[in-house]
Amino acid sequence: MVSRRRLIELGGLAAGGALLVSSSGTATSAAPSTHHDHVIPGHRHDLPFVGSAVAATPFSVEMPLPSTIAPTKSDSDTDYYYLHMRRTTAEIIPGLTTPVLGFNGSFIGPTIRARTGRTAVVVQTNMLDEPTAVHLHGAHAPAASDGHPMDLIQPGSQKTYIYPNRQRGATLWYHDHAHHMEAEHVYRGLAGLYLLEDPAEAQLGLPNGQFDVPIMLRDAQFAADGSMIWTLGDFQNRNTVLVNGRPQPYLRVAARKYRLRLVNASNLRAYQLRLGNGEEVVQIASDGGLLPAPYRTDTIPLWPGERVEVVVDFSKFPIGTQLVLENTYGDQDSNRSLMRFDVTWSATDDSTVPAQLAPAPELPPATYYRTISLGLNPATFQFQIDGKSFDPNRVDAYVRRGATEIWQVTNLDTAFGIPHDFHIHLVQFKVLDRNGAPPGPGESGWKDTVVVNPGETVRLQATFADYKGRFVYHCHLIDHSSEGMMAQMEVL
Ligand code: C2O
Ligand code: CU
Ligand code: CU
């Protein structure tokens, strides 16, 4: 018997409370009339709204940049990195100390700057008292280095991950993936950036160096003592958004062009970003790297796991201008006014955004078709894929190595209005269409994670090249995947 409470905690009996506005599905759509309200995914309505018990004064702390880790050694074609996971503390809310889990003891792990064409070897040591698995999200890597949820690093042990980096430059990120624990581990801090720099990009003249800035967004609930409160599925109380690990920071910028790499590392929260009074930004990249062409927009949807890169030209604004990065899905200041850019000084700018960025995704014709459904099981009230919860001993899809397939993914959760967020390991895919309509320009490049709104069908095409073995696909609302909204394919 499924209790009423259980149904409620899964977001089934949503009534009142904060609503999440979901995008109509295409990255192009900025018109509010095409939006409809959806219930928070996995929202527990049995919990009272408390929210964070502490708050920062808006725009009182500077936005930090996660530190970059240099390779311990490098040879002709490989760079070697050593990371460990341990318990540590961080100052997140000004003046308070928060216990966190951190790669190399830092809340937001160190940024790895890898290069297309050079192998990165990352040795991970687990100094926690729980098993972990480290997944490089967006990477095309062998199964043994994928961080499969059952391929665990036991406490006190280490594992060597080998990343060939034979793919387009992109903003990737690494995070824990230990089955049933990934949601809490990521929430408590086990995530970091992996920026894959591509020599082919260098000639384009995009903003670089200090003008190339990663911005990682995620939310959390804080107790009065500064500790983070973890409750699976409790979206509404995670009402404080952190930007690179701090609430509502400011960033001093020069009056010139910047490349901003936006990463949604939240468990459940989707963002719809808007700069200032709806200033135009230029989207240049999606999950898997540069778009075919820049795309001018004033609205950037960003679902958990997704990355979007934009170029913002701050030279349009006089020195002294302050521009708030707003989340129009936010329902209170702590998750609506995310950060502020303060245009502080002038600087020379020889960067450009060329009219052509990178070749559009091209794939051989598909030879195999699959249909996949996402939804709440009405009998068990669990979020599932194809009506099944994850079973590590079951293979859900056998894929021929090298095959090009079309996956038709449908979200059945119309009754409860719950969006899901589909992610496949190993590949970058091309979004063919949403409910039969071509994707917007923001989704016209390589993707590895895509929102599927209630009732929607999204078709994806991918080539499963190079590596054999087992890889998972799952909902990247990771409270859902943690509960079993995950399946696995075996590439043969
Ligand atoms: Cu971000 Cu299965 O991963
Ligand atoms: Cu992934
Ligand atoms: Cu889901």
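Our subject is the structure that appears above.
Reference entry: report on the structure contained in this document. (Residues numbered from 1 in each chain as written. Chains lettered and ligands numbered in written order. Predicted model: local features only at pLDDT ≥ 70, side-chain atom pairs only at ≥ 80, totals over all residues. Heavy atoms only, no water.)

## With respect to the pattern of salt bridges
Next up, step 1: As enumerated under the stated definition, the model contains 28 salt bridges in all.
Next up, step 2: Its salt-bridge partner being Arg 246, residue Glu 91 comes within 3.9 Å of it at the nearest N-O pair. Here Arg 246 lies in strand S15 (residues 246-247) and Glu 91 lies in the loop between strand S5 (78-90) and strand S6 (98-103), a separation of 155 residues in the sequence.
Next up, step 3: Note on Glu 91: relative accessible area 47%, which makes it partly exposed.
Next up, step 4: For the salt bridge of Glu 306 with Lys 447, the shortest nitrogen-to-oxygen distance reads 2.6 Å. One end of the pair, Glu 306, is in the loop between strand S21 (300-302) and strand S22 (307-313); the other, Lys 447, is in the loop between strand S30 (430-434) and strand S31 (449-452), with 141 residues separating them in the sequence. Comparing Glu 306 with Lys 447, the two get one shared label, buried.
Next up, step 5: Each of Glu 201, Asp 212, Arg 259, Arg 261 and Glu 309 takes part in a single network of salt bridges with overlapping partners. (Salt bridge = Lys/Arg side-chain N within 4 Å of Asp/Glu carboxyl O. Helix = DSSP H or I, 4+ residues; strand = E, 2+ residues; numbered from the N terminus. Buried < 20%, exposed > 50% of the residue type's maximum accessible area, 1.4 Å probe, protein only.)

## Digging into the packing of aromatic side chains
Next up, step 1: On inspection of all chains with the given rule, the structure shows eleven aromatic pairs.
Next up, step 2: A centroid spacing of 5.5 Å and a plane angle of 25° characterise the contact between Trp 407 and Phe 464, whose relative ring orientation is stacked. You can see Trp 407 sitting in strand S28 (residues 404-411) and its partner Phe 464 sitting in the loop between strand S32 (457-463) and strand S33 (469-475), a full 57 residues away along the chain. Grouping residues by exposure puts Trp 407 and Phe 464 together as buried.
Next up, step 3: By way of ring pairs, the aromatic residues Phe 211, Tyr 258, Phe 314 and Phe 341 are connected into one cluster.
Next up, step 4: One residue, Lys 73, lies across the ring of Tyr 80, its end atom 4.6 Å from the ring centre.
Next up, step 5: Between the NZ or CZ atom of Lys 159 and the centre of the ring of Tyr 161, over which it lies, the distance is 5.2 Å. (Phe/Tyr/Trp six-rings, centres within 6.5 Å; stacked < 30°, edge-to-face > 60°. Lys NZ or Arg CZ within 6 Å of the ring centre and 35° of its normal.)

## Some remarks on the coordination of the copper ion (ligand 3)
Next up, step 1: Donor atoms from the polypeptide that coordinate the copper ion (ligand 3) comprise His 420 (ND1), Cys 475 (SG) and His 480 (ND1), at 2.0 to 2.2 Å from the metal.
Next up, step 2: Mapping the donors of the copper ion (ligand 3) onto the primary sequence yields the spacing H-x54-C-x4-H. Of the two residues, His 420 is situated in strand S29 (residues 420-424) and His 480 in helix H5 (residues 478-482); the sequence distance between them amounts to 60 residues. Each of the two residues, His 420 as well as His 480, counts as buried. (Donors = N, O, S within 2.8 Å, 3.2 Å for Na, K, Ca; no water.)

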